[in-house]
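Single-letter residue listing:
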Amino acid sequence: MLKLGGVLVCLLIVAMDVAAGILGVQAEVAQNKVKHLRLWIFECRDPSHDAFKLALGAAALLTLAHVLANLLGGCMCVCSQEEFQRASPNRQLSVACLIFTWIILAVGLSTLVIGILSNNKSRASCGFTHHHFLSIGGILCFVHALFSVAYYVSATAAGDEEK
């Protein structure tokens, strides 16, 4: 029964991250459909409300998947390099995956927020082009799924080793 629960948790994390990735890419498509004027590296365009809603959903799902993976995966604290080197391979892998999930979350959420802000209803913007932030955020959601599942599995295995 415990293994079935772990599989369901992994599937839920992957489903939320994949849905976030699809929403991020769809937001990029919706953003590209609005009217814009481009001159070299400068661009003026109207905000897209559809892109705003889709990107907001992607950011929420990415955050929720990250919180779920971290809460259910448990805490794999390593306080020093010496402790890290003495730790089991599962524990080392879980710490590495945890670090990567936080980095991917920071970069992916930042790019999605930049896309959300550029599609805020109150701002019609002119300036340097800000292309592909939403699709990059969407792609990072897919990458986040891989590292989150790897973290959950390795953290659970490391926790089982310690018992």
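Everything below is about the structure printed above this text.
Below, the structure is looked at part by part. (Residues numbered from 1 in each chain as written. Predicted model: local features only at pLDDT ≥ 70, side-chain atom pairs only at ≥ 80, totals over all residues. Heavy atoms only, no water.)

Looking at the nonpolar core
Here's step 1: Counting residues in each nonpolar core, the largest one holds 13 residues, and the members touching the most others are L62, L112 and L134.
Here's step 2: Looking at this core, the elements with two or more residues in it are α1 (2–32), α2 (49–73), α4 (89–118) and α5 (133–162).
Here's step 3: Broken down by element, the residue count for this core peaks at five residues, all from α2.
Here's step 4: Discounting residues that sit within four places of it in the chain, L134 has contacts with G24, V25, A27, E28, Q31, A51, A55, L112, G115, I116 and N119.
Here's step 5: Residues V9, I13, A69 and Y152 belong to the second largest nonpolar core, which totals six residues. (Core = buried A, V, L, I, M, F, W, Y, C linked by side-chain atoms within 4.5 Å. Buried < 20%, exposed > 50% of the residue type's maximum accessible area, 1.4 Å probe, protein only. Helix = DSSP H or I, 4+ residues; strand = E, 2+ residues; numbered from the N terminus. Contact = heavy atoms within 4.5 Å.)

Things to note about the packing of α2 against α4
Here's step 1: Orientation of α2 relative to α4, taken along the N-to-C sense of each, is 165°, at an axis distance of 9 Å. Overall, the two elements α2 and α4 adopt an arrangement that is roughly antiparallel. As for the relative orientation of α2 and α4, their crossing is left-handed in sense. Along its contact with α2, which presents F52, A55, L56, A58, A59, L62, T63, H66 and N70, the element α4 presents L98, T101, W102, L105, G108, L109, L112 and I116.
Here's step 2: Considering only residue class, the contact of α2 with α4 consists of twelve nonpolar, five polar and no charged. (Axes fitted to C-alpha atoms, helices over the stretch in contact; angles between N-to-C directions. Parallel < 35°, antiparallel > 145°, perpendicular 65-115°, else oblique. Left-handed = near helix turned anticlockwise from the far one by under 90°. Nonpolar A, V, L, I, M, F, W, Y, C, P; charged D, E, K, R; others polar.)

Remarks on the packing of aromatic side chains
Here's step 1: One pass over the structure, following the stated rule, counts one aromatic pair.
Here's step 2: A ring pair is formed by F100 and F147, whose centres lie 5.2 Å apart and whose planes are at 45°; its orientation type is tilted. Note that F100 is positioned in helix α4 and F147 in helix α5, a separation of 47 residues in sequence.
Here's step 3: Judged by its relative accessible area of 42%, F100 is partly exposed.
Here's step 4: You can call F147 partly exposed: its relative accessible area is 27%. (Phe/Tyr/Trp six-rings, centres within 6.5 Å; stacked < 30°, edge-to-face > 60°.)

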